[in-house]
Amino acid sequence: MSLKSRLSINLATTRGSWGFKDAVEGCLRHDITAIAPWRDQIAEIGLSEAARIVKENDLQVTGLCRGGMFPAENKAGLQANIDDNKRAIDEAVALNADCLVLVVGGLPGFSKDIVEARKMVTDGIAAILPHARENNMPLAIEPLHPMYAADRACVNTLGQALDICVELGSGVGVAIDVYHVWWDPQLEEQIARAGQMDAILAHHICDWLVPTQDMLLDRGMMGDGVIDLPAIRQMIERAGFQGPQEVEIFSRDNWWKKPGDEVLQTCVERFETVC
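This is a predicted model, so every value here is computed, not measured.

So, how was this worked out
- Residues numbered from 1 in each chain as written.
- Predicted model: local features only at pLDDT ≥ 70, side-chain atom pairs only at ≥ 80, totals over all residues.
- Heavy atoms only, no water.
- Helix = DSSP H or I, 4+ residues; strand = E, 2+ residues; numbered from the N terminus.
- Contact = heavy atoms within 4.5 Å.
- Buried < 20%, exposed > 50% of the residue type's maximum accessible area, 1.4 Å probe, protein only.
- Pairing = 2+ DSSP bridges.
- Right-handed = clockwise from strand over helix to strand, strands pointing away.
- Salt bridge = Lys/Arg side-chain N within 4 Å of Asp/Glu carboxyl O.
- Core = buried A, V, L, I, M, F, W, Y, C linked by side-chain atoms within 4.5 Å.
- 1 Å grid on protein atoms, 1.4 Å probe; cavity = no way out; pocket = protein on both sides within 12 Å on 5 of 7 lines; lining within 4 Å.
- Points joined across faces, edges and corners; volume = space filled by probe spheres on them.
- Nonpolar A, V, L, I, M, F, W, Y, C, P; charged D, E, K, R; others polar.

Here Val-54 is to be found in helix α3 (residues 47-56). Sequence separation of Val-54 and Leu-95 is 41 residues, and the distance between their C-alpha atoms is 6.9 Å. Not counting the four nearest positions on each side in its chain, Val-54 is found in contact with Phe-20, Leu-59, Val-61 and Leu-95.

A word on the pairing of strand β4 (residues 64-68). It is a general feature of regular strands that their side chains alternate between the two faces of the sheet. Most of β4 sits inside the fold, with 4 of its 5 residues counted as buried. Of the strand pairs in this sheet, β4 and strand β5 (residues 100-103) are connected by 4 bridges, and their pairing is parallel. From the neighbouring strand, Leu-64 faces β5, where its bridge partner is Leu-100. Each parallel crossover has a hand, and for β4 linked through helix α4 (residues 75-94) to β5 it is right-handed.

Attention now goes to the pattern of salt bridges. Within this structure, the stated rule accounts for 18 salt bridges. Its salt-bridge partner being Arg-29, residue Asp-261 comes within 3.0 Å of it at the nearest N-O pair. A residue pair is termed long-range when its members are at least 10 positions apart, and Asp-261 in helix α10 (residues 260-274) and Arg-29 in helix α1 (residues 20-29) qualify at 232 residues. With relative accessibility at 49%, the residue Arg-29 sits in the partly exposed group. As a salt-bridge pair, Arg-219 and Asp-177 come within 3.2 Å of each other at their nearest N and O atoms. Here Asp-177 lies in strand β7 (residues 172-177) and Arg-219 lies in the loop between β8 (200-205) and α9 (229-238), a separation of 42 residues in the sequence. For the pair Arg-219 and Asp-177, one class covers both residues: buried. Residues joined by salt bridges that share partners form a network here, namely Arg-39, Asp-84, Arg-87 and Glu-91.

Among the nonpolar cores identified, the biggest contains 81 residues, and Ile-9, Phe-20, Leu-100, Ile-125, Leu-139, Ile-141 and Ile-191 are the most heavily contacted of them. Discounting residues that sit within four places of it in the chain, Ile-191 has contacts with Leu-158, Ile-176, Ile-200, Ile-232, Met-235, Ile-236 and Ala-239. Counting 11 residues, the second largest nonpolar core, distinct from the first, contains Trp-38, Ala-140, Ala-202 and Phe-250.

Empty space among the atoms becomes apparent when a probe as large as a water molecule is rolled across them. A volume near 220 Å³ is recorded for the largest pocket. Looking at the largest pocket, it is lined by 16 residues, and the ones nearest its centre are Trp-38, Arg-66, Arg-152, Leu-216 and Phe-250. Listed by contribution, the elements that provide at least two residues to the lining of the largest pocket are β4 and β5. For the lining of the largest pocket, the per-class residue count stands at 10 nonpolar, 1 polar and 5 charged.

The next subject is the pairing of β7. Counting buried positions along β7 yields 6 of 6 residues, so the element is predominantly enclosed. As defined by bridge partners, strand β6 (residues 139-141) adjoins β7 across 3 bridges and the pair is classed as parallel. Considered in β7, the bridge of Leu-139 is made with Val-172. In this region the chain leaves β6, passes through helix α6 (residues 158-168) and returns to the parallel neighbour β7; the handedness of that crossover is right-handed. When β7 meets β8, the two strands line up parallel, connected through 4 bridges.

Here we have 9 strands laid out as an open sheet, ordered β3-β2-β1-β9-β8-β7-β6-β5-β4, and parallel in their pairing. Edge positions in the open sheet fall to β3 (60-61) and β4, since each of these has one partner strand only. Of the pairings in the sheet, the one linking strand β1 (residues 7-10) to strand β2 (residues 34-36) comprises 2 bridges and is parallel in character. Along β2, the bridge assignment pairs Ile-9 with Ile-35.

Set out below in structure tokens:
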């Protein structure tokens, strides 16, 4: 198996240059045949056209980003979020995605009750799980770094995500993004636990820059930061996951300003040398 066949590009990485169609064409120019699009990118081109492009080019969709964002200020809001997640499942099915990635959401409104927010997350996933199971679409909970606990994800460690998987049962796993979990002192233990549960659905890579200029939009290219990417890769592979590593870089002031082909070429070079 070639190195490139182990590489996927999350299309956030080329968001500065390309929409869905151009990003696919760019990936193919670099012999990359696995992608992970975002729902807004799919909506822009249309689901049927995106699905046609995926099928005609025999692409692997390593994940659709994203579902989740469950917590709400009232029952109507929670139900609206559940309904949107069911639509996301349908979109993932149409794209033959490996999983639907869930960024679960933070504190609703002016709440300070993170315990209740986490309960809403579990209840929300439980509400969409029958639809996901009926359509054979795995749901991948992505724990996010604690700096996002208030606004993006109140599930912040791999251990927390796996506890939800245990509670809800089959059809739910995890997406392990190095940007969010590299700091966790229990990381190796929890990756091994995920492997025993057969719960690893995706492996996202980038790097943590020092200093970081923006919490959301200043991720680094692999090799430019402090994450021990080979060590985490070895943990994940020992745990049984052999799928592609998915490069996901939000970089408003650097990589999003560069031509898409330069970004992809750098992704390939770094993947082959530092990952």
